[in-house]
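# Chain and residue survey
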Amino acid sequence: MRVNGEWRRTIGLDGDGWTVLVIDQTRLPFVFEQVALRSAEDAAEAIRRMVVRGAPLIGVTAAYGVALALRRDARDVTLDEAIMLLGATRPTAINLRWALERMDRVLRPLSPPERVGRAYAEAAAIAEEDVACCSAIGRHGRVLIEELALAHGRPVQVLTHCNAGWLACVDWGTALAPVYAAHEAGIPVHVWVDETRPRNQGAALTAFELGAHGIPYTLVADNAGGHLMQRRQVDLCLVGSDRTTASGDVANKIGTYLKALAALDNGIPFYVALPSSTIDWSMGDGVHAIPIEERSPREVTHIVGRDVDGLLAEVEIAAPGSHAVNPAFDVTPARLVTGLVTERGITAATREGLRALYPGQAGATP
Ligand code: MRU
């Protein structure tokens with residue numbers, strides 16, 4: 001997507017053909033800087049520190065991490081170690097496991113000399129497929145926005161939570177892809193951007209990318225969503241997903257569940273956009289089974305921003321010594337989800353709906 005007039009992707013290869021370049025998202029929106037990943041350890045650290053984040057981008061970065069490991073040593077033991085290291089970085093987004101399993105499936109049968117080139121090619125294929133999926137999600141989801149624009153005859157008011165835009169993927173995004181597609185088609189749209197405490201992915205990343213692309217948005221405190229819905233200032237909630245179970249339960253950034261409850265109470269459609277790499281076909285009940293990442297309490301007691309000298313600084317915001325906990329995701333039960341927007345189309349958040357779109361997948365029992 002566009003940044004300062006230039007088209008960018010979140011991840012790609014340097015001119016040498018093997019170093020992986022990613023945008024350092026810990027420095028956005030104030031500094032736009034690429035960093036180089038040269039080893040599986042670099043890739044794992046980038047995922048752990050959230051230099052890269054967002055379910056699809058985590059998966060692509062992990063795939064490239066495997067390629068970086070094999071470039072040094074392509075034996076089985078290195079493949080095992082890289083998959084173990086990268087797989088242990090973040091627990092909730094299923095795209096990570098999905099990408100690593102795919103790399104393992106493709107690379108394991110090959111001889112070590114064949115592995116390196118194939119690993120880079122497979123990582124690149126995963127990245128390209130993600131772009132294609134997100135673009136298709138945009139096409140399908142755009143219809144929802146178009147219908148609301150026709151019904152209301154004014155800009156459609158979309159509320160989103162966290163960052164599920166191009167910065168969370170390779171390009172386009174999941175929840176924001178329909179917004180970009182609508183904007184490109186000349187359909188007027190405005191986005192309410194939840195700030196998304198504690199790490200503020202909405203304030204820092206979603207606001208940055210919508211602004212860079214010229215899409216009207218307004219930043220709101222996380223707690224404002226219910227009020228806006230009661231006042232009929234939201235037409236549609238559109239969020240992404242880190243893991244969607246075979247029965248349609250959705251793990252996404254902490255706070256998503258509360259938005260879904262408010263949307264139901266106010267009769268506002270609540271859609272979740274996701275590529276099929278985010279579906280965990282082995283799981284039914286997401287509320288009890290999806291592992292929820294617990295991050296450092298420091299993300300709750302402290303906040304990072306730009307100080308008066310223009311430097312990134314961390315300040316304490318809680319009463320000193322406060323005990324804090326920091327679950328990074330929550331699960332929205334399928335019954336609160338109006339529909340799932342996938343690369344194959346829009347379906348009900350049900351086992352039957354998902355099976356109809358993906359007939360080859362067995363799906364877990366409830
Ligand atoms: O902790 P993060 O920033 O990796 O969480 C990201 C989200 O929760 C996104 O909404 C989700 O990955 C969907 S992104 C396409």
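Remember, predicted model here, so these are calculated numbers, not experimental data.

Further remarks concern the domain arrangement of the chain. When the parts of a complex come together, some accessible area is lost, and that lost area is often used as the size of the interface. When its domains are assigned, the chain resolves into domain 1 (2-129) and domain 2 (140-357). Computed from C-alpha atoms alone, the centre-to-centre distance between domain 1 and domain 2 is 24 Å. The junction of domain 1 with domain 2 conceals about 3,000 Å² of combined surface from both sides, 59% of it contributed by carbon and sulfur atoms. Between Arg-90 and Glu-293 there is a salt bridge, with the nearest N and O atoms lying 2.8 Å from each other. Here domain 1 and domain 2 share 13 residue pairs in polar contact (both at pLDDT 80 or more) between them. Where the side of domain 1 that touches domain 2 is concerned, the elements lending two or more residues are strand S1 (2-3), helix H2 (55-72) and helix H4 (94-107). Taken together, the residues of the side of domain 1 that touches domain 2 break down into 18 nonpolar, 6 polar and 9 charged.

For the rest of this paragraph, the subject is the sheet that holds strand S4 (residues 20-23). Reading across the sheet, the 3 strands line up as S3-S4-S5 and stay open at both edges, with antiparallel pairing between neighbours. Two strands close off the open sheet at either side, each with one partner strand: strand S3 (11-13) and strand S5 (34-37). For this sheet the average axis-to-axis angle between neighbouring strands, irrespective of direction, equals 30 degrees. One ladder, built from 3 bridges, connects S3 with S4; its direction is antiparallel. Paired with Gly-12 across the strands is Leu-21, a residue of S4. Sitting on the sheet, H2 touches S3, S4 and S5, and the angle it makes with S3 is about 25 degrees.

Among the surface-exposed residues, Phe-30, Val-304 and Leu-312 lie close enough to one another that they form a single nonpolar patch of about 250 Å² accessible area. Considering the arrangement of structural elements, one finds Phe-30 in the loop between S4 and S5.

Okay, the packing of aromatic side chains next. A full pass over the atoms with the stated rule returns 3 aromatic pairs. Judged by centre distance (6.4 Å) and plane angle (25 degrees), the rings of Phe-32 and Phe-208 are stacked. Here Phe-208 lies in helix H7 (residues 201-212) and Phe-32 lies in the loop between S4 and S5, a separation of 176 residues in the sequence. For the pair Trp-281 and Tyr-358, a centre-to-centre distance of 5.8 Å together with 65 degrees between the ring planes defines the contact as edge-to-face. With Trp-281 in the loop between strand S13 (279-280) and helix H10 (286-289) and Tyr-358 in the segment after helix H12 (351-357), the pair connects residues that are 77 residues apart, well separated along the chain. Its relative accessible area of 14% is what places Trp-281 among the buried residues. Just above the ring of Trp-18 sits the side chain of Arg-71; from NZ or CZ to the centre is 3.5 Å. Its end group placed over the ring of Phe-329, Lys-253 keeps NZ or CZ at 4.0 Å from the ring centre.

Let's shift gears to the environment of His-140. Relative to the helices and strands, His-140 resides in helix H5 (residues 112-152). For His-140, a relative accessible area of 26% puts it in the partly exposed group. Sequence-distant contacts of His-140, that is, excluding residues within four places in its chain, are made with Val-341, Thr-342, Glu-343, Arg-344, Gly-345 and Ile-346.

Time to look at the sheet that holds strand S9 (residues 236-239). Sheet strands pair via backbone hydrogen bonds, and the direction of the pair is either parallel or antiparallel. If you trace the 7 strands from one edge of the open sheet to the other, you get S8-S7-S6-S9-S12-S17-S18, paired in mixed fashion. Only two strands of the sheet have a single partner each, and these edge strands are strand S8 (217-220) and strand S18 (345-347). With direction set aside, neighbouring strand axes in the sheet form an average angle of 25 degrees. Bridge count between S9 and strand S12 (residues 270-273): 3 bridges; the pairing is parallel.

Our next topic: the side chain of Asp-171. Along the chain, the position of Asp-171 falls in the loop between strand S6 (156-160) and helix H6 (177-184). Residues within four places of Asp-171 in sequence aside, it is in contact with Met-1, Arg-8, Arg-9, Val-131, Cys-134 and Trp-166.

Conventions adopted
Residues numbered from 1 in each chain as written. Predicted model: local features only at pLDDT ≥ 70, side-chain atom pairs only at ≥ 80, totals over all residues. Heavy atoms only, no water. Domains from an automatic or database assignment. Buried area = accessible area lost by both parts, 1.4 Å probe. Salt bridge = Lys/Arg side-chain N within 4 Å of Asp/Glu carboxyl O. Polar contact = N/O pair within 3.5 Å; in protein donor to acceptor, adjacent residues only side chain to side chain. Helix = DSSP H or I, 4+ residues; strand = E, 2+ residues; numbered from the N terminus. Nonpolar A, V, L, I, M, F, W, Y, C, P; charged D, E, K, R; others polar. Pairing = 2+ DSSP bridges. Axes fitted to C-alpha atoms, helices over the stretch in contact; angles between N-to-C directions. Contact = heavy atoms within 4.5 Å. Patch = residues over 30% accessible without salt bridge, like charges linked within 9 Å, V, L, I, M, F, W, Y side chains within 5 Å. Areas by Shrake-Rupley, 256 points an atom, 1.4 Å probe, with all protein chains shown as cover. Phe/Tyr/Trp six-rings, centres within 6.5 Å; stacked < 30°, edge-to-face > 60°. Buried < 20%, exposed > 50% of the residue type's maximum accessible area, 1.4 Å probe, protein only. Lys NZ or Arg CZ within 6 Å of the ring centre and 35° of its normal.

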